[in-house]
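The residues making up each chain are set out below.
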Amino acid sequence: MEKFMRSSYDPKDVTVLLKDITGLVKPLPAEKREPLIQSGVHYCEMLPLEYDPSPAYIREYENALRRFSGITAECIAEVSERIIADKNAPVLVSLARAGLPAGIMIKHYLEKKYGAEIPHYAISIIRGRGIDKNAMKYILSRHSPDRLQFVDGWTGKGAIQDQVTEAMKDFECVDSRIAVISDPAYITPFCGTHEDFLIASSCLNSVVSGLMSRTFLRSDIIGEADFHGAAYYGELEGCDRSYEYINAVEACMKYEDIHLSEVPFEYGAGRSETAEVAKTFGISDINLVKPGIGETTRVLLRRVPNMVLIAEDAPTEYVAHILELAGEKGVPVGKYPLKCYRACGIIKNMPGDM
């Protein structure tokens, strides 16, 4: 019997193609990781020490879950219908870890509505290092390449889509287009919406992502024949909210017929806006600019933020958790005329701090 990475998800919902590195790598706080990253150490060679949110922040998460579960359910239905219209018998390949909850909900939707059996895997892809080729070979040894559908939670500025597109040059007949809940970057037709809204799984790291760390790749721990790695946070089992999130969204799910209209597709509009923000604030490294509500949330949770930009017309309920977290951490918040996004996080430039 094959052994796969632990997670708090039901194995029937996803096969996690990752190497379990629990206890092998000591997590580092953002203040130690950020200077290392900016001096050239790749982020995938370290594990972040995950932030313990305050009671006020948890309240904002729970409020967001109530406010946006309905919207998320509509988007899951929409993107699921787009997938099944394109691939008659899809095999879902979620990008760990943000893609996992989306992949599970898409699987549940398609199986319930169409009575189909939808295989679902989770694999690692790392910006600058590529996709886990061993995991891809494992999947392709079991399924036809034209059935594979990559899944992620949302798009920021499109770096991961670029990475998948490049990686698929080595895997003929595999569709490189990622399916997401929300695509404010305007880079994929497989999306539930192009609107930038809070997807609750962006809020709490591992406790809404199967208690898994972000993925890890370092040659002293990950061998040539291994899958990329991740750690399992068993000590957090008492506060795991992974299925709370999924169940809240699925409680709002409708399985009625959906008319898939053609949405005006301004390819790469989000990329242009990100470049404009970088130019306005004199930022030479585009990787320090993280557009979108999801990416801004992650900057505040696991990086060292310099400031946060909020769209001038952003409704308070869309950004309340960002304002709460920025206030806790003393991060400046400013208004900016964002069009594709409702928020943008800017990481502090600290290359000399070792």
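Residues numbered from 1 in each chain as written. Predicted model: local features only at pLDDT ≥ 70, side-chain atom pairs only at ≥ 80, totals over all residues. Heavy atoms only, no water.

## Side note on the confidence of the model for the protein
Low pLDDT means the predicted coordinates in that region are not meant to be read closely.
Okay, so step 1: Scored by pLDDT, the protein comes out at a mean of 92, with 97% of its residues at no less than 70.
Okay, so step 2: Averaged over each element, pLDDT in the protein is lowest for helix α1 (residues 30-38) (85) and highest for strand β6 (residues 148-151) (98). (pLDDT = per-residue confidence, 0-100. Helix = DSSP H or I, 4+ residues; strand = E, 2+ residues; numbered from the N terminus.)

## Here's the deal with the nonpolar core
Okay, so step 1: Tyr61, Ile106, Ile181, Leu204, Tyr245 and Val277 are the most contacted members of the largest nonpolar core, which totals 78 residues.
Okay, so step 2: In terms of residues, this core owes the most to one element, helix α2 (residues 55-86), which gives 13 residues.
Okay, so step 3: Core analysis: the second largest hydrophobic core is formed by 23 residues, Val93, Met136, Phe171 and Cys191 among them. (Core = buried A, V, L, I, M, F, W, Y, C linked by side-chain atoms within 4.5 Å. Buried < 20%, exposed > 50% of the residue type's maximum accessible area, 1.4 Å probe, protein only.)

## Focus on the packing of aromatic side chains
Okay, so step 1: In the structure shown here, the tally under the stated rule is eight aromatic pairs.
Okay, so step 2: With 5.2 Å between their ring centres and 20 degrees between their planes, Tyr109 and Tyr255 make a pair best called stacked. Taken together, the residues Tyr109 in helix α3 (residues 99-114) and Tyr255 in the loop between α6 (242-250) and α7 (269-280) connect sequence positions 146 residues apart.
Okay, so step 3: Among the aromatic residues, those joined into a cluster by ring pairs are Phe4, Tyr121, Tyr138 and Phe227. (Phe/Tyr/Trp six-rings, centres within 6.5 Å; stacked < 30°, edge-to-face > 60°.)

## With respect to the side chain of Ser242
Okay, so step 1: With respect to the helices, strands and loops of the structure, Ser242 is situated in helix α6.
Okay, so step 2: On the basis of relative accessibility, which here comes to 0%, the residue Ser242 falls in the buried class.
Okay, so step 3: Side-chain polar atoms of Ser242 contact the backbone nitrogen of Gly210, separated by 2.8 Å.
Okay, so step 4: A polar contact is formed between the side chain of Ser242 and the side chain of Asp240, at a distance of 2.7 Å.
Okay, so step 5: Here Ser242 is in contact with Ser8, Tyr9, Ser206, Val207, Val208, Ser209, Gly210 and Leu211, once residues within four sequence places are set aside. (Polar contact = N/O pair within 3.5 Å; in protein donor to acceptor, adjacent residues only side chain to side chain. Contact = heavy atoms within 4.5 Å.)

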